[in-house]
Every structure is written in structure tokens, then in C-alpha cells.
Amino acid sequence: VHHITKENFEQEILNSSKPVVLDFWADWCGPCGQLNPIIEELAAGHPELKVAKVHVDQQRELARKHKVFSIPTLVIYKNGEITARASGVRPVDEILSLI
């Protein structure tokens, strides 16, 4: 799982050759903790995807830019464009259906 900052966002997300699942999260967020093993499972089981995380407290600018008002929020990127988004804990198959 890649950790995204405003410094590596363009290279890791916008320039990715693979579809990206971008997880906006925070340490204090209970549902984020529930989603974390699902995100790890997704990353381990789907090498055709890039799975990445944005810590909203450390990367407020990215959270604002993506209009993240509740966490966890998943944002799906393909070819540098947002194609889907979902808030809350989701199972792997539901995340895959967003892609």
C-alpha cells in the first residue's frame, strides 16, 4: 500500500498506469481501522491495481481538494481522472465493483 502526500500525488496517482484505489483515513477513525484489513487484502490480492492511502490529518490539502467530508472515503482514479467514490467501510467485492 502506497502512502500518498501532496509531494508524490501527481507521480503516484495521476501518472499511474494502473487504476488506483485511494483511501482517505485517520488514526482516530474507528471505521478506518475496520477498513484497513480490507484495503490490505485488496492490495495483496489485486496486483493489477495500485492501492494507496492518504492520512487526512497530515494531508489536509489533498483531503480538501477531494472534498472528503467523512472518512473513510475511497476515491477511484483511472488514467488520472476520478471515476468513482464511496464513503464508509466496504467489502472487497464492492470496492472492486467501483472500478
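A few points on the structure. (Residues numbered from 1 in each chain as written. Predicted model: local features only at pLDDT ≥ 70, side-chain atom pairs only at ≥ 80, totals over all residues. Heavy atoms only, no water.)

1. Let's talk about unusual backbone geometry
A negative phi angle characterises most non-glycine residues, just as the trans form characterises most peptide bonds.
And then number 1: At the junction of isoleucine 71 and proline 72, the peptide bond is cis and its omega measures out at 0 degrees in the coordinates.
And then number 2: For proline 72, the position within the fold is in the loop between α3 (60–65) and β4 (73–78).
And then number 3: Of note in the backbone geometry, lysine 67 takes a positive phi value of approximately 55 degrees without being a glycine.
And then number 4: Note that lysine 67 resides in the loop between α3 and β4. (Helix = DSSP H or I, 4+ residues; strand = E, 2+ residues; numbered from the N terminus.)

2. Focus on the nonpolar core
And then number 1: Counting 19 residues, the largest nonpolar core has Ile4, Ile13, Leu22, Phe24 and Ile71 as its most contacted members.
And then number 2: Listed by contribution, the elements that provide at least two residues to this core are α1 (9–14), β2 (20–25), β3 (50–55), α3 and β4.
And then number 3: When residues in this core are grouped by element, the largest group, four residues, is from β2.
And then number 4: Setting aside residues no more than four positions away along its own chain, leucine 22 makes contact with Ile4, Phe9, Ile13, Ala52, Lys53, Val54, His66, Thr73, Leu74, Val75 and Tyr77. (Core = buried A, V, L, I, M, F, W, Y, C linked by side-chain atoms within 4.5 Å. Buried < 20%, exposed > 50% of the residue type's maximum accessible area, 1.4 Å probe, protein only. Contact = heavy atoms within 4.5 Å.)

3. Quick notes on the environment of glutamine 34
And then number 1: Residue position: glutamine 34 is located in helix α2 (residues 30–45).
And then number 2: Classification of glutamine 34 by relative accessible area gives exposed; the value is 51%.
And then number 3: In the structure, glutamine 34 is positioned 54 residues away from glycine 88 in sequence and 9.7 Å away in space, judged by C-alpha atoms.

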